[in-house]
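One letter stands for each residue in the lines below.
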Amino acid sequence: MPSTTRRARRDTPPPRTGGGEAETLRGFLDYLRTSIAAKVEGAPEPHVRAAGVPSGTNLLGLLNHLTFVERSMFLGEEVADWQATFHAAASDGVEEVVARYREAVERANEVLDGCADLGAPVPRPGRPAPSVRWALAHMIEETGRHAGHADILREQIDGATGR
């Protein structure tokens, strides 16, 4: 592993959103999405792929996985092997994985922009869908959990800390 000299980044505070439920949920989800992408950006190869824990979890794989989760939840894409999503292709670098994640988030947000009723199902054709409210709450939980993992993995790689 590279040096673990601590390099603190300025923390970004949680979002201040309006009083509406949808605005609050989307504000926190976007905050977490931005946070985890920032954890991966600038992480050095090949360390970004190195397993930081015995389970094999690595920083690049976490963001790759979240890309598949976004696409599945909001775009209706099927995932045959969830475990495989935790590993980026050898040909994919940090820039490609971050760009693909941001593109999935952008497309997911376009879907969410058309969802006025949080109790309605997520519009994902051909697949059973949870309510928009449930999907947002789940994505906050999923992204937040993996952002915490990413915090630890990035600090192990190069000492970078902060949101």
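Here, the structure is the one placed above.
Here the structure is a predicted model, which means the values were calculated and not measured. (Residues numbered from 1 in each chain as written. Predicted model: local features only at pLDDT ≥ 70, side-chain atom pairs only at ≥ 80, totals over all residues. Heavy atoms only, no water.)

**Student:** Can you walk me through the environment of Arg-26 in this structure?
**Tutor:** By the element assignment, Arg-26 lies in helix 1 (residues 21-40). In this structure the C-alpha to C-alpha distance between Arg-26 and Ala-137, which are 111 residues apart in sequence, comes to 9.2 Å. In this structure the side chain of Arg-26 is engaged in a polar contact, spanning 3.3 Å, whose partner is the side chain of Asn-109. (Helix = DSSP H or I, 4+ residues; strand = E, 2+ residues; numbered from the N terminus. Polar contact = N/O pair within 3.5 Å; in protein donor to acceptor, adjacent residues only side chain to side chain.)

**Student:** Would you take a moment to explain the packing of aromatic side chains for this structure?
**Tutor:** In this description, an aromatic ring pair is defined by two values, namely the gap between the centres and the angle between the planes. The tally for this structure, following the rule as stated, stands at zero aromatic pairs. The ring of Phe-68 carries Arg-71 above its face, with NZ or CZ at 5.9 Å from the centroid. (Phe/Tyr/Trp six-rings, centres within 6.5 Å; stacked < 30°, edge-to-face > 60°. Lys NZ or Arg CZ within 6 Å of the ring centre and 35° of its normal.)

**Student:** Explanation requested: helix 1 in the structure shown.
**Tutor:** Given 3.6 residues per turn, any residue in an α-helix points the same way as the ones three and four places further on. The terminal C-alpha atoms of helix 1 lie 29 Å apart, and with 20 residues this matches the ideal 28 Å at 1.5 Å per residue to within 8%. All of the buried residues in helix 1 are Leu-25, Arg-26, Gly-27, Leu-29, Tyr-31, Leu-32, Arg-33, Ser-35, Ile-36, Ala-37, Lys-39 and Val-40. Buried residues in helix 1 make contact with helix 2 (59-75), helix 3 (94-113), helix 4 (132-158) and strand 2 (160-161). Gly-42 lies just past helix 1 and shows a positive phi near 80 degrees. (Expected span 1.5 Å × (residues − 1). Buried < 20%, exposed > 50% of the residue type's maximum accessible area, 1.4 Å probe, protein only. Contact = heavy atoms within 4.5 Å.)

Geometric descriptors of this kind do not, in isolation, establish any biological role.
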